[in-house]
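Structural overview for review
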Amino acid sequence: MRIPDPALVVLVGAAGSGKSTWAAAHYRPTEVVSSDALRALVGSGTADLDASNDAFRILDQVVSGRTRRGLTVVVDTLGLDPERRAGWAALARSAGLATVAVVFDTPGATCRARNAARDRPVPASVLDMQLQRMRNIRTELEGEGWEVHVVGGEEAAALPTGSPTASAPKASSPTASSVTVRSAARPLPRVTSRSDGPRVMLQISRFPWGEDPLDWLRGVALAADEAGFAGLALMDHLIQIPQVGRAWEPIPEPWVTLGALAALPTDLMLGTLCTPATFRPAGVIAKAAATLDVLSGGRAFCGLGAGWWEREHSAYGMAFPATAGRLDELDAAAETLRALWAPGTKAYEGQRVSLPETTCYPRPVGSLPLIIGGGGERRTLRVAATWGDACNVQGDLEVVTHKTDVLRRHCDEVGRPHDEVEVTVLDVAVVGSDRDDTWARVERRRGRTKAAVYAARHHAAEVAAHRERHDRLFEAGVGTVFLALPDLAGARDVERVAALARR
């Protein structure tokens, strides 16, 4: 089964049905609020019924607090009281959370045996009434609007998504099974055998390299190659961006850095994601990318964007045109790169660019891939359709599917086959080894952002959930995922997510 996350999850079952064991196996202790545990906290023990009112007052407060913050809360009670369920559901729905009832269809004999083994068993007559109530509970819950999952108490149920984010599709969003599956996008040109078909590259956005920057870079690159990543992409910024770190943290010039990485014995594709057209004359970008391609034996790619951050332009004495002007520069730069990378040295007269000659040596080894970064539907995707081998967008499956449709319409208008322009996705993701580790990573990186918001924004989850999410993107026609780890510290983090690289 697939349980939405975050969600209000109410466990429903008779005493001894396995609710607490199941909750402990699949959720963090802080996500589970148990009436028995609260009776022990405010009374003499888990069976102290005199403490029930106080226990449920605290339970209701916990449910209210976590749902208001958009956090998963698992309610471990009998779950048989429709009035209590209605109150919890109202809190969750007002906060935009899914409401899930997990029903434990455990044989009565098993419940009675477990109950008898307790220090203070539930009276037999009470347990019988609970079991009788369970006979029609699913119909009752569905009538109240709950998403119902039924599990057996004798065996561990399937894990939830493993993600503290809303990983289950919204009702208005296409699910993995309802998305129109397109033919696989054409891989970027000149791929190695490792990269045939869908692939994952590692995007490096932070550089906590300590006293030996080159050794740190070498370690990350070799770990990425060993893990099976198809390539490495570097951000192109002059000041570290606030989405990643602090302004005084290192952010190296990418083309120089990629040149150093090209000397390593790897099969990694190497490039930027993305170089702003406003940073350098287009001809200089073309020269740098072609040189990297030659030095790496044909493994370079060039990500090109319009630029977006005014601060770094001002700090380095560069003009920062209005949006329309930057998009004009992007269009002209993409055309210039195409002209300078083409065979021959003849003059070029194009749509936005006029060059007296196209003398650019060394030439790229082959057809150097050009990735246009950004999802602007009127201009940026038009540039990608006209000049790009790929466009790079960011967003969930629904957003990516929509952007792909817009790109295809632009391809139709400029006369290019759809499979000539690959769709790639930048995926900034928190990846944990287990649920506790995932949330610890969220807490360390979220700053003043609410935990649930940060977790959802970064698809915080364990490896299996991310792999499943990437598979849905690939099924929808995405050719490459660029994976960025917001807490990347070094080679060990690359090794930790190796399962995401191998397809």
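Here, every reference points to the structure presented above.
Residues numbered from 1 in each chain as written. Predicted model: local features only at pLDDT ≥ 70, side-chain atom pairs only at ≥ 80, totals over all residues. Heavy atoms only, no water.

1. Side note on the sheet that holds strand β3 (residues 73–76)
- Reading across the sheet, the five strands line up as β2-β3-β1-β4-β5 and stay open at both edges, with parallel pairing between neighbours. The open sheet is flanked by β2 (32–34) and β5 (147–151), the only strands paired with a single partner. Averaged over all pairs of adjacent strands, the angle between strand axes in this sheet comes to 20°, irrespective of strand direction.
- Relative to strand β4 (residues 98–104), strand β1 (residues 7–12) is paired through six bridges, and the arrangement is parallel. Bridge pairing links V12 to V103 in β4.
- Of the strands in this sheet, β1, β2, β3 and β4 are in contact with helix α1 (residues 19–26), which crosses β1 at around 150°.
- Each of β2 and β3 touches helix α2 (residues 35–42); the most contacted strand, β2, lies at about 60° to it. (Pairing = 2+ DSSP bridges. Helix = DSSP H or I, 4+ residues; strand = E, 2+ residues; numbered from the N terminus. Axes fitted to C-alpha atoms, helices over the stretch in contact; angles between N-to-C directions. Contact = heavy atoms within 4.5 Å.)

2. A look at the nonpolar core
- Core analysis: the largest hydrophobic core is formed by 83 residues, its most contacted members being I204, F229, L232, C302, L304, L337 and W341.
- In terms of residue count, helix α12 (residues 323–341) provides more of this core than any other element does, eight residues in total.
- The next biggest cluster of nonpolar side chains, apart from the first, holds 23 residues, and it includes V12, L38, A55 and V73. (Core = buried A, V, L, I, M, F, W, Y, C linked by side-chain atoms within 4.5 Å. Buried < 20%, exposed > 50% of the residue type's maximum accessible area, 1.4 Å probe, protein only.)

3. Looking at the pattern of salt bridges
- For the structure on display, the rule yields 30 salt bridges.
- A salt bridge links R39 to D36; the nearest nitrogen and oxygen atoms lie 2.6 Å apart. Taken together, the positions of R39 and D36, both in helix α2 and three residues apart, correspond to about one turn of that helix.
- You can call D36 partly exposed: its relative accessible area is 32%.
- Across the pair R472 and E468 runs a salt bridge whose closest N-O atoms are separated by 3.2 Å. Separated by four residues within a single helix, R472 and E468 lie in helix α17 (residues 463–475), roughly one turn from each other.
- For R472, a relative accessible area of 15% translates into the label buried. (Salt bridge = Lys/Arg side-chain N within 4 Å of Asp/Glu carboxyl O.)

4. With respect to α12
- Here α12 spans 27 Å end to end across 19 residues, near enough to the 27 Å set by a 1.5 Å rise per residue.
- Looking at α12, one finds that the buried residues are R326, L327, L330, D331, A333, A334, E335, T336, L337, A339, L340 and W341.
- In the core, the buried residues of α12 are packed alongside α10 (282–295), β9 (300–305), β10 (348–349), β11 (354–355), β12 (370–373) and α13 (380–387). (Expected span 1.5 Å × (residues − 1).)

5. A closer look at the state of the cysteines
- Evaluation of the coordinates by the stated rule reveals zero disulfides.
- The thiol of C302 is unpaired, and the distance to the nearest cysteine sulfur, on C274, comes to 8.1 Å.
- Owing to a relative accessible area of 0%, C302 belongs among the buried residues under this scheme.
- Distance from the sulfur of C411, which forms no disulfide, to the nearest cysteine sulfur (C391) is 8.3 Å. (Disulfide = S-S within 2.5 Å.)

6. Here's the deal with the packing of helix α9 (residues 254–262) against α10
- Close contact between α9 and α10 brings their axes to 9 Å; oriented N to C, the two are set at 10°. In terms of orientation, α9 lies roughly parallel with respect to α10. For the pair α9 and α10, contact is made by W255, L258, G259 and A262 and by A288, A289, L292 and L295, respectively.
- Of the residues assigned to the contact of α9 with α10, the class counts are seven nonpolar, one polar and no charged. (Parallel < 35°, antiparallel > 145°, perpendicular 65-115°, else oblique. Nonpolar A, V, L, I, M, F, W, Y, C, P; charged D, E, K, R; others polar.)

7. Details of unusual backbone geometry
- Along the chain, D5 connects to P6 via a cis peptide bond; the corresponding omega equals 10°.
- Tracing the backbone shows P6 in the segment before β1.
- The omega torsion across L273 and C274 is -5°, close enough to zero to call that bond cis.
- Assignment of secondary structure puts C274 in strand β8 (residues 269–276).
- Of note, H459 is a non-glycine position whose phi angle comes to about 50°, a positive value.
- Along the polypeptide, H459 turns up in the loop between α16 (451–457) and β16 (461–462).

8. A closer look at α1
- Burial in α1 covers these residues: K19, W22, A23 and H26. The arc that holds every buried residue of α1, seen down its axis, measures 100°, which confines them to one face. Projecting away from the buried face of α1 at angles above 90 degrees are the exposed residues T21, A24 and A25.
- The inward-facing, buried residues of α1 abut β1, β2, β3, β4 and α15 (435–445). (Arc of directions from axis to C-beta.)

9. Points about the sheet that holds β8
- The eight strands are arranged β6-β7-β8-β9-β12-β13-β14-β17 in a closed barrel whose pairing can be described as parallel. Taking the axes of each pair of neighbouring strands and ignoring which way they run, one obtains an average angle of 25° across the sheet.
- Here strand β13 (residues 390–393) runs beside strand β14 (residues 422–428); their pairing, made up of four bridges, is parallel. Across the sheet, V393 pairs through a bridge with V425, a residue of β14.
- Packed onto the sheet, α9 meets β7 (231–234), β8 and β9 and runs at close to 180° relative to β8.
- Against the sheet, α10 makes contact with β8 and β9, and its axis sits at roughly 155° relative to β9, the strand it touches most.

10. Side note on the layout of surface pockets
- Considering only enclosed or pocket space, the second largest pocket measures out at about 880 Å³ in volume.
- Taken together, the elements giving at least two residues each to the lining of the second largest pocket come down to α1, α2, α3 (52–68), α4 (82–94) and α6 (124–133).
- Of the residues contributing to the lining of the second largest pocket, the split by class is twelve nonpolar, twelve polar and ten charged. (1 Å grid on protein atoms, 1.4 Å probe; cavity = no way out; pocket = protein on both sides within 12 Å on 5 of 7 lines; lining within 4 Å. Points joined across faces, edges and corners; volume = space filled by probe spheres on them.)

11. Description of the environment of R503
- Mapped onto the fold, R503 is located in the segment after α18 (491–496).
- The class for R503 is partly exposed, based on a relative accessible area of 38%.
- Note: C-alpha distance between R503 and R472 (31 residues apart in sequence) is 13 Å.
- If sequence neighbours within four positions are ignored, R503 has contacts with P198, V200, R467, H470, D471 and F474.

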